[in-house]
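Tertiary structure, described
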Amino acid sequence: MKQQGLFITFEGPDGSGKTTQIQLLQKYFQQKGLRCLLSREPGGTEIGEKIRTLLLDKAHTEMDFAAEALLYAAARAQHVAQVIGPALRRGEVVICDRFVDSSIAYQGYGRQLGEVVAQINRFATGELCPDVTFFMQLAPEKARERIKARKCDRLELEQLAFHQRVFAGYQQLEQAEPQRIVAIDASGSIEEIHEIICERMEALLLCR
Ligand SMILES: Nc1ncnc2c1ncn2[C@@H]1O[C@H](COP(=O)(O)OP(=O)(O)OP(=O)(O)O)[C@@H](O)[C@H]1O
Ligand SMILES: [Mg+2]
């Protein structure tokens, strides 16, 4: 069944500008008088935030890749059941910082676990799919440059080769689902990018 609300996700490397654009997009919806819920993954619920702490902890160098993928999916299942699903059924706009595409890119391509990642996520989400996904396209080296001043978490510490596989994974996803995934050149200015995203949103809202 098609949900009532509007489900928007942002994807892309760390430092590509997701949080910056999400905050601007929330203002855009609020100016239209629409309720807009922001959330993030992994996390978004009390249980999910605990799983996030486990996942991003630099001390957990022994974490098995399958365990990692399942923990992301577990946090996501809780997030959909407790937060995203109910908000969409109330007819709200939900903007989520990362969703299933992140798992496919990072665990499927980055960790090279492959197709199984999509399978466990279909189970975790009950096949909930975003209405639109903005892929903030910025080469991993450039994204890293933007955030080099801060402390890195467990995944950010991975080698550049890992991040390049992740980026290639996102590109594959975009080619497979061009109707849902909108690639945004994230090298432009914050204002330029916001304008492009607003134009896409206007077009999408007109079609609904
Ligand atoms: N278009 C842009 N041009 C230059 N700098 C930017 C742009 N967008 C965001 N930034 C800056 O780059 C840094 C990372 O941005 P932001 O936190 O929005 O990225 P992110 O994708 O949410 O990263 P993370 O995945 O780590 O949460 C911030 O310091 C932000 O101010
Ligand atoms: Mg962010």
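Because the structure is predicted, anything quoted here is derived from the model rather than measured.

Moving on, we come to the overall build of the protein chain. What the protein chain contains, in helices and strands, is eight helices and five strands. Counting from the amino terminus, the protein chain carries its helices and strands in the arrangement β-α-β-α-α-β-α-α-β-α-α-β-α. In terms of overall size, the protein chain behaves like a compact globule, its C-alpha atoms giving a radius of gyration of 16 Å where 208 residues would be expected to give roughly 17 Å. Its C-alpha atoms put the protein chain at 45 × 35 × 30 Å along the principal axes. Counting over 208 residues, the protein chain shows a buried share of 50%. Here the contacts in the protein chain between residues at least 6 apart in sequence split such that 78% fall between residues at least 24 apart. Distance between charge centres in the protein chain, computed from 26 positive and 28 negative side chains, equals 3 Å.

A separate point is the packing of aromatic side chains. Counted by the stated rule, this structure contains seven aromatic pairs. Ring geometry for Tyr 106 against Tyr 170: centres 6.4 Å apart, planes inclined by 80°, an arrangement best described as edge-to-face. Of this pair, Tyr 106 sits in helix α4 (residues 100-110) while Tyr 170 sits in helix α7 (residues 160-176), and the two are 64 residues apart along the sequence. You'll find Tyr 106 and Tyr 170 in the same group, each marked buried. Residues Phe 135 and Phe 167 carry aromatic rings whose centres are separated by 5.7 Å and whose planes lie at 55° to one another, so their mutual orientation is tilted.

Rules behind the numbers
Residues numbered from 1 in each chain as written. Chains lettered and ligands numbered in written order. Predicted model: local features only at pLDDT ≥ 70, side-chain atom pairs only at ≥ 80, totals over all residues. Heavy atoms only, no water. Helix = DSSP H or I, 4+ residues; strand = E, 2+ residues; numbered from the N terminus. Rg over C-alpha atoms; globule rule 2.2 N^0.38 Å. Buried < 20%, exposed > 50% of the residue type's maximum accessible area, 1.4 Å probe, protein only. Contact = heavy atoms within 4.5 Å. Lys, Arg positive; Asp, Glu negative; His and termini not counted. Charge placed at Lys NZ, Arg CZ, Asp CG, Glu CD. Phe/Tyr/Trp six-rings, centres within 6.5 Å; stacked < 30°, edge-to-face > 60°.

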